[in-house]
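Structure at a glance
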Amino acid sequence: MKEAKVYVNGRLLGFHPEPKKLVEELRKRRRSGQIPPFVSVTYYENTNEVYVYTDAGRLSRPLIVVKNGKPLLTKTHLKMIREGKLKWSDLVKQGIIEYLDPEEEENAYIAVSEEELTPEHTHLEIHPAIVLGFGVNLIPWPEKNLTTRLLHGAKMGDQGLGLYASNFRIRTDTMSYVLYYPQKPIVRTRVFKYAHLDRRPYGQNIVVAVIPYEGYNMMDAIIMNKDSIERALFRAVFFRTYEAVERRYPGGQRDRFEIPDESVSGYLGEEAYHALGEDGIAIPETKVKGGDALVGRTSPPRFLEDVAHFGIMEERRRENSVLVRPDEEGYVDTVMITSDENGHRLVKIKLRQEKIPEIGDKFTARMGQKGVIGMIVPQEDMPFTPQGVVPDLIFNSHAFISRMTVSYVLEILGAKAAALEGWEEVDATMGEGMDAEDFEKVLRAHGFRKTGKEILYDGKSGEEIEADIFIGPIYYLRLKHLVSQKYQARARGPVQILTRQPTEGRSREGGIRFGEMERDTLIGHGAALTLYERLVEESDKTTILVCEKCGNIGVDDAIRKKRYCPVCGSTKVHEVDVSYAFKLLLDELKSLGIYPKLKLKDKA
Amino acid sequence: MTLPEYIKEYVAEWAKERGLKKKEIEEFLKFLEEYIRENAVDPWEAIGIVTAQSLGEPATQATLRTFHMAGSAEVSVASGMDRILEIVDGLKKIQTPVMYVYLNPPYNKDEEKAREFARSLEEIIVSDIAVVKEDFVKKTITIVFNKKEIERRGVDIKAVIKKIEGKVKGSFDEKKYVYKIQLPKDMPLMKMRKLAQSLERLQISGLKGIKRALVKKEGDEFIITTSGTNLKAILKKKEVDHTRTYSNNIHEVAEVLGIEAARYLIIEELYKAYMGAKLLVDKRHLALVADAMTARGVITPIGRTGIAGRKGSVLARAAFEETNKHLVEASAWNEVDHLKGIVENLIVGLPIKAGTGRVKLKMKLR
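Residues numbered from 1 in each chain as written. Chains lettered and ligands numbered in written order. Predicted model: local features only at pLDDT ≥ 70, side-chain atom pairs only at ≥ 80, totals over all residues.

**Brief notes about unusual backbone geometry**
The linkage connecting Pro 105 of chain B with the following residue, Pro 106 of chain B, adopts the cis geometry, with an omega of 5°. Considering the arrangement of structural elements, one finds Pro 106 of chain B in the loop between strand 1 (98-101) and helix 5 (111-121). Residue Ala 232 of chain A is not a glycine yet carries a positive backbone phi of 75°. Considering the arrangement of structural elements, one finds Ala 232 of chain A in the loop between helix 8 (226-230) and strand 14 (236-246). For Ala 232 of chain A, a count of 15 C-beta atoms within 10 Å translates into the label partly exposed. One non-glycine residue, Arg 500 of chain A, lies in the positive phi region at around 60°. (Helix = DSSP H or I, 4+ residues; strand = E, 2+ residues; numbered from the N terminus. Buried ≥ 20, exposed ≤ 12 C-beta atoms within 10 Å, placed from the backbone.)

Have a look at this one:
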């Protein structure tokens, strides 16, 4: 056999006659602690190459080392750990637990559970649930749901508002949300604890009734209890960090943080600067609304030389303040003054806004049962149980049929049992969680039906609802998609300078694009005038003057009250309505050396 | 509006069977005319856009769920989106050229005879039954025949040797089934390689272009489906019923049977492609596409090389694809845009000349 190539961190280091022995020896040394534990050693038999990686940025995960079909981790180890005599790092040092990266996994044969171990296996997963990712493992009873639901649930788990970081007050994230009253879920998996999510949870336990409610919760909408919201259920705070740099320009000019005075060009009016202190920076805890200045800033004139040349124009500084976004309002929370990497003065201002749940906000249970609020109902109109329990949220029963989220039902059962019995938590880890039978017993012992269903009374009429309603506590997340940051509408508004068409995008108060396919539909209907209105009248209609003789665009001299063609001098110019985009096209053609001319005809 | 003659005749016959009176027939015809007028497309209706939308929208769905039939013994036909694009783009080389060859009696009732005829259609070339080896040093070409393959295909080896001898002289070893050709020593390598390749491609029997021919039962008769088409040659065979034989190669049909046949074939093939994906599309949309593609007397693809690229208006062409090319050429050739189409008017900012935009009021002067 030829000598094997040995690569270290991707670079060819040399050759080795016995790669298998080399790899074995390296691994032995790693397990005995002579080499750092995160070094990976891989041998590829087909190409006869050895890869050794020691660099940063690789994902590696711990596995239990297996020898002759027996895991090295024994009951004695576990006992010692429990007694505090042994630590994780000791296990790694002793080579009982080993870190593998994806590269070395190619050489490993990993058993998921202890039962399936054979002599060929080299490693054992620390827990079978590890085969699922972190996000999925936070979902209660993941094994009882469809994969698609788990994927949805894992994805939305990231978007849940909560205590995203315990130092959020001093962080300067561009955008961040913090839930007012985050709670630990009653039903949770073991991963929840290991991830320390019990110290910074991301949702709240609420009581949910599963019924359709007057059609306001159809198609994945949900009903929320108004009184619950007023008791600060799912209330959150939204922070946005604004930044302002006091730049220095070449030539000694610089920006100034100050309250601009009237002489500044582009002065916004006294009202816009009300939040600013003497130093031109907003004072904490003042209320500001869209368009208000957070940092008053003036910049030097743009074309310094031109101004000096004429000498007539006053040297006016430009208004260049940092303004609150047009659709936001709130309180100035934190003001930080530092300097950036160029030594310029830098101000970061955090704006605090309270976000109360409203119609259109998005919520979800952990297993991908998302929905938006369709109606907020006063508590007195909500259904209630004989004991007087009123749900915080009404979920539509039709959402179960095709999605089959069994863990939603189980979670309600489990949480209900836990609430009755006073359990601190219900274990729902994959493969070892509690079962429905455990909960049924408890429910029955407390005089409830084992199905979790209860008699409910209609809040409006006071009459008993004919069907029995499934009701109980469940962990819900408020997702970061808030209507208040998404809705968009426009009648009149700003236009782009170049094309004179309406601006695009919500932050620019833009219109909704009437695109090519929408255009096609109107042509298909033969609605010529509707189309004209959309694309010309309501967009970029302009009137241009066209020379009858040479077909060029004419000039309107308003002072001399004369209209003429600048090319041929003819005064026979006529007004023509066209879209500004067309005028622009003509101009661009001319700039390219193409000479377009318009021929006029009488309107037929 | 008057009804076509053949409809009138049909109605007359239909009425005769039921013994309708003359007045009743007239009334019925009047009703028919009225009915047709009511259902006619309005003047200046944008049928092109409606067609494009009606065909385009289901096609976007078809791409998501094309299914394949695995393992069936039939000649497979490209289906779904691939086929639709093939037709609409007017491709000359299609993925799966197929013919349905109908037979004259007695071949269409006798499976054995049909099978024999089918075998005679399959094109066999030398490389199908033999391996051609070259030796550039000794300047020899050896053709090693595969005995099994020859028997399976029922090829007459003597005829093959005769065909090869018509091209180059050599010696045939009957025991070894090897044909050896000794070439002159001064022959250039290039020429030798070309000769070997032409030997490989030498046709032994069958029709050119037909790779496979299978017998299939359709109703109470046997037909032959072929992969690979050669309509011109197959229509000459006396065994073939030339009135029903079908090829899915549009260009070939246009050449052999004329542009009207090609137009009909475009409609049929598009309809099959859509129905195969279980998409219901009105045939009149397909007819419009076929009309547009065949109106020039040759197959014109839809797209920038075809219909869209030959529009009269500069602006319309520039708006579609290859903007720079069209604008520069228009300026070079002093083109005039009369603003008659839809796109041009949209660009300029005038109401489009279709639908309600085409209707004008005129005063009646007394």
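**What about the nonpolar core?**
Judged by nonpolar contacts, the single largest core of 81 residues is most densely connected at Val 208, Ile 222, Ala 282, Leu 294, Val 295 and Leu 393 of chain A. Domain assignment of the residues forming this core places at least three in each of domain 2 (147-160 + 182-235 + 359-478) and domain 3 (237-355) of chain A. Once residues within four sequence positions are removed from consideration, Val 208 of chain A is found in contact with Pro 391, Leu 393, Phe 395, Ile 412, Ile 471, Gly 472 and Ile 474 of chain A. Ranked by size, the runner-up nonpolar core spans 37 residues in total, among them Tyr 107, Ala 262, Ile 266 and Ile 267 of chain B. (Core = buried A, V, L, I, M, F, W, Y, C linked by C-beta atoms within 7 Å. Domains from an automatic or database assignment. Contact = placed C-beta atoms within 7 Å.)

**Digging into the interface of chain B and chain A**
Contacts between chain B and chain A engage 20 residues on the former and 21 residues on the latter. Ranked by residue count, the leading element in the side of chain B that touches chain A is helix 16 (residues 342-348) of chain B, at four residues. When its residues are assigned to classes, the side of chain B that touches chain A shows twelve nonpolar, six polar and two charged. (Nonpolar A, V, L, I, M, F, W, Y, C, P; charged D, E, K, R; others polar.)

**A few points about the pairing of strand 3 (residues 130-135) of chain B**
Residue and element names in this part refer to chain B. Note that strand 3 and strand 4 (residues 140-145) share six bridges and pair antiparallel. The partner of Ala 130 across the bridge, within strand 4, is Phe 145. Counting the residues in the hairpin turn of strand 3 and strand 4 gives four residues, including Lys 139, whose phi is positive at 55°. (Pairing = 2+ DSSP bridges.)

**Some words on the sheet that holds strand 1 of chain B**
Whenever strands of a sheet pair, they do so through backbone hydrogen bonds, lying parallel or antiparallel. Residue and element names in this part refer to chain B. One open sheet holds the four strands; their spatial order is 8-9-1-10, and the pairing between them is antiparallel. Edge positions in the open sheet fall to strand 8 (212-218) and strand 10 (246-247), since each of these has one partner strand only. The pairing of strand 1 with strand 10 spans two bridges and is antiparallel. Counterpart to Tyr 100 in the pairing with strand 10 is Tyr 246. Set on the sheet, helix 5 makes contact with strand 8 and strand 9 (221-227); between it and strand 8 the angle comes to about 155°. (Axes fitted to C-alpha atoms, helices over the stretch in contact; angles between N-to-C directions.)

**Quick notes on helix 2 (residues 75-82) of chain A**
Each α-helix winds once per 3.6 residues, and so residues spaced three or four apart point in a common direction. Taken across its eight residues, helix 2 of chain A has zero buried, putting it largely on the surface. Remark: Gly 84 of chain A follows helix 2 of chain A within two positions and exhibits a positive phi of approximately 85°.

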